[in-house]
Amino acid sequence: MGTTSWGIAKSLGYPDGEAIEFDILVNRIKTILDHVNIPVSADIESGYGKDEETIVENVLKLADIGVSGINIEDSCKLNEQCMLLSKIRMALEKSGYKDFYINARTDTYLLNIDPRNETTVRAHAYVESGASGIFVPGLKDDNEIKAVTALIAAPLNLMSVPGLTSCKKLRELGVKRLSLGGALYRKLQSLLDTCAAHIYESQDTSLLFD
């Protein structure tokens, strides 16, 4: 299972975007690890660090507590991201975590910067630098998905959005992993808001027991 940075941040009363301290994130992920018996991948956004050494240390902290993989964003930095991925992979292998899964996220489709070509270039570079898989949120057209899966030699991860929801269909298109982002948390929050508003307006709590 994969954690969502948005959901963890919101559950603690913070906005998304590395607004919480990394140790707080680690503690929340450790709680998840303590309650499940399947592999857990952690979303660490851009790495929660201002320099490569800190980000590498953060990844090792997660590996040490039992995390099996990470999502890490490139923020449109190609060469710098390749160097970072290489250092992360080398540090993991040196520490005995050779099977650790690095899911390299790129926002080429979200930012619409020559998306197919740029995604292909970045995917090849990231895989050569140690990435295990490629995460491309914003990619949702069937033909584009087929093209991208044919062009990259790594498992493709997409983000579920309206119109991109069927795991069966995505499997047929070659997608290996589907992320929910903050959608599940937002659905839960919407239900809480609706119930709270109804209770306030009706002055009746019976819907809680339907």
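Residues numbered from 1 in each chain as written. Predicted model: local features only at pLDDT ≥ 70, side-chain atom pairs only at ≥ 80, totals over all residues. Heavy atoms only, no water.

A. How the structure looks around the overall build of the protein chain. Helices and strands together make up the secondary structure of the protein chain, namely 9 helices and 6 strands. By the compact-globule yardstick of 17 Å for 210 residues, the protein chain fits well, its C-alpha radius of gyration being 19 Å. Once the C-alpha set of the protein chain is aligned to its principal axes, its extents read approximately 60 × 40 × 30 Å. Relative to all contacts within the protein chain whose residues are 6 or more apart in sequence, the contacts with residues 24 or more apart total 62%. Within the structure as shown, the protein chain displays about 11600 Å² of accessible surface, and the carbon and sulfur contribution to it stands at 54%. For the protein chain, the distance from the average position of its 22 positive side-chain charges to the average position of its 29 negative side-chain charges is 5 Å. (Helix = DSSP H or I, 4+ residues; strand = E, 2+ residues; numbered from the N terminus. Rg over C-alpha atoms; globule rule 2.2 N^0.38 Å. Contact = heavy atoms within 4.5 Å. Areas by Shrake-Rupley, 256 points an atom, 1.4 Å probe, with all protein chains shown as cover. Lys, Arg positive; Asp, Glu negative; His and termini not counted. Charge placed at Lys NZ, Arg CZ, Asp CG, Glu CD.)

B. Inspection of the pairing of strand β5 (residues 156–159) at higher detail. Sheet topology places strand β4 (residues 133–135) next to β5; 2 bridges connect them, and they run parallel. Among the inter-strand pairings, Phe135 is bridged to a residue of β5, identified as Asn157. As for the winding sense of the linkage, the β-α-β connection from β4 through helix α7 (residues 142–151) to β5 is right-handed. Pairing of β5 with strand β6 (residues 177–179) involves 3 bridges; the strand directions are parallel. (Pairing = 2+ DSSP bridges. Right-handed = clockwise from strand over helix to strand, strands pointing away.)

C. Looking closely at the environment of Ala147. Tracing the backbone shows Ala147 in helix α7. Residues Ala147 and His35, spaced 112 residues apart in sequence, show a C-alpha to C-alpha distance of 39 Å.

D. A nonpolar patch on the surface, seen in detail. Together, Leu110, Leu111 and Ile113 make up a nonpolar patch on the protein surface, roughly 260 Å² of accessible area in all. In this fold, Ile113 is placed in the loop between α5 (108–111) and α6 (115–128). (Patch = residues over 30% accessible without salt bridge, like charges linked within 9 Å, V, L, I, M, F, W, Y side chains within 5 Å. Salt bridge = Lys/Arg side-chain N within 4 Å of Asp/Glu carboxyl O.)

E. Here's a closer look at the packing of aromatic side chains. Within the structure shown, the criterion is met by 2 aromatic pairs. Note on Trp6 and Tyr185: the rings are 5.7 Å apart at their centroids and 75° apart in plane angle, and the pair reads as edge-to-face. On the criterion of sequence distance, the pair formed by Trp6 in helix α1 (residues 5–11) and Tyr185 in helix α9 (residues 183–202) is long-range, its members being 179 residues apart. For Tyr185, a relative accessible area of 23% puts it in the partly exposed group. A ring pair is formed by Phe22 and Tyr48, whose centres lie 5.6 Å apart and whose planes are at 50°; its orientation type is tilted. Of this pair, Phe22 sits in helix α2 (residues 22–35) while Tyr48 sits in the loop between β1 (41–43) and α3 (52–65), placing them 26 residues apart in sequence. Residues Phe22 and Tyr48 agree in their burial class; the two are buried. One cation-aromatic arrangement involves Arg186 over Trp6; the distance from NZ or CZ to the ring centre is 4.9 Å. (Phe/Tyr/Trp six-rings, centres within 6.5 Å; stacked < 30°, edge-to-face > 60°. Buried < 20%, exposed > 50% of the residue type's maximum accessible area, 1.4 Å probe, protein only. Lys NZ or Arg CZ within 6 Å of the ring centre and 35° of its normal.)

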